[in-house]
Amino acid sequence: MGVVTDLRLGIDAVMLKRWERAGDVGEAVLTPEERIGPTWLQAARFAVKEATLKCLDSSVLLYDLQTIRVRPQGQVEFEGAAARKADELGLDQWRSSYTRTSDAVIAVVAAFRGTGK
């Protein structure tokens, strides 16, 4: 295992009933690919995006991030301002995970500068 520096953590929780009541908020904050799947999975993708933004410490738009898959270990793809901010911070390794209950989805994202894998 390599050396890890500049570790950043982001955590976010989404209440499923609130997400369901929000209606088309998903259309505003999720890409078309992210809107595929059941409501809880869309909420999980949103939680991963929010946790990722916390790692970036900036006002990057949610649409500049795309969650590619959220299980078993999620990937986050960057575009635009998000990609530039990650490069500026030197964050080149990303890990995400989530858990869900009947009421909520909770996501955690770790971002760091690392050598080796």
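Residues numbered from 1 in each chain as written. Predicted model: local features only at pLDDT ≥ 70, side-chain atom pairs only at ≥ 80, totals over all residues. Heavy atoms only, no water.

Engineer: Describe the nonpolar core, with residues and values.
Structural biologist: With 30 residues, the main nonpolar core has Trp-19, Phe-46, Leu-56 and Trp-94 as its most contacted residues. When contributions to this core are tallied by element, the ones reaching two or more residues are helix H1 (16-21), helix H3 (39-56), helix H4 (80-89), strand S4 (93-100) and strand S5 (104-114). Counting residues per element, this core draws most heavily on H3, at 11 residues. Those residues in contact with Trp-19, other than ones at most four positions away along the chain, are Val-14, Val-25, Gly-26, Val-29, Leu-30, Thr-39, Gln-42, Ala-43 and Phe-46. (Core = buried A, V, L, I, M, F, W, Y, C linked by side-chain atoms within 4.5 Å. Buried < 20%, exposed > 50% of the residue type's maximum accessible area, 1.4 Å probe, protein only. Helix = DSSP H or I, 4+ residues; strand = E, 2+ residues; numbered from the N terminus. Contact = heavy atoms within 4.5 Å.)

Engineer: How would you explain the pairing of S4 if you had to name every residue and give the values?
Structural biologist: Across 8 bridges, S4 lies against S5 in antiparallel orientation. The residue of S5 that forms the bridge with Arg-100 is Val-105. (Pairing = 2+ DSSP bridges.)

Engineer: How would you summarise the side chain of Lys-49 if you had to cite specific residues and measurements?
Structural biologist: The residue Lys-49 is located in helix H3 in this model. With sequence-adjacent residues up to four places away left out, Lys-49 is seen in contact with Val-29, Leu-30, Thr-31, Glu-34, Leu-62, Tyr-63, Leu-65 and Thr-67.

Engineer: Which residues make up the sheet that holds strand S1 (residues 4-15), and what are the values?
Structural biologist: Taken in spatial order, the 3 strands of this open sheet run S1-S5-S4, and their pairing is antiparallel. Lying at the two open borders of the sheet, with one neighbouring strand each, are S1 and S4. When the angles between neighbouring strand axes are averaged without regard to direction, this sheet yields 15°. Sheet analysis places S1 next to S5, joined by 10 bridges and oriented antiparallel. (Axes fitted to C-alpha atoms, helices over the stretch in contact; angles between N-to-C directions.)

Engineer: I'd love a proper account of the pattern of salt bridges, names of residues and values included.
Structural biologist: This model, assessed by the stated rule, comprises 5 salt bridges. For Arg-113, the salt bridge goes to Asp-6, with nearest N and O atoms at 3.0 Å. Note that Arg-113 is positioned in strand S5 and Asp-6 in strand S1, a separation of 107 residues in sequence. Taking the relative accessible area as the measure of exposure, Arg-113 reaches 35% and is therefore partly exposed. Using a relative accessible area of 40% as the deciding quantity, one classes Asp-6 as partly exposed. For the salt bridge of Arg-8 with Asp-57, the shortest nitrogen-to-oxygen distance reads 2.8 Å. Of this pair, Arg-8 sits in strand S1 while Asp-57 sits in the loop between H3 and strand S2 (65-69), and the two are 49 residues apart along the sequence. (Salt bridge = Lys/Arg side-chain N within 4 Å of Asp/Glu carboxyl O.)

Scope: geometric values only; no functional claims are made or implied.
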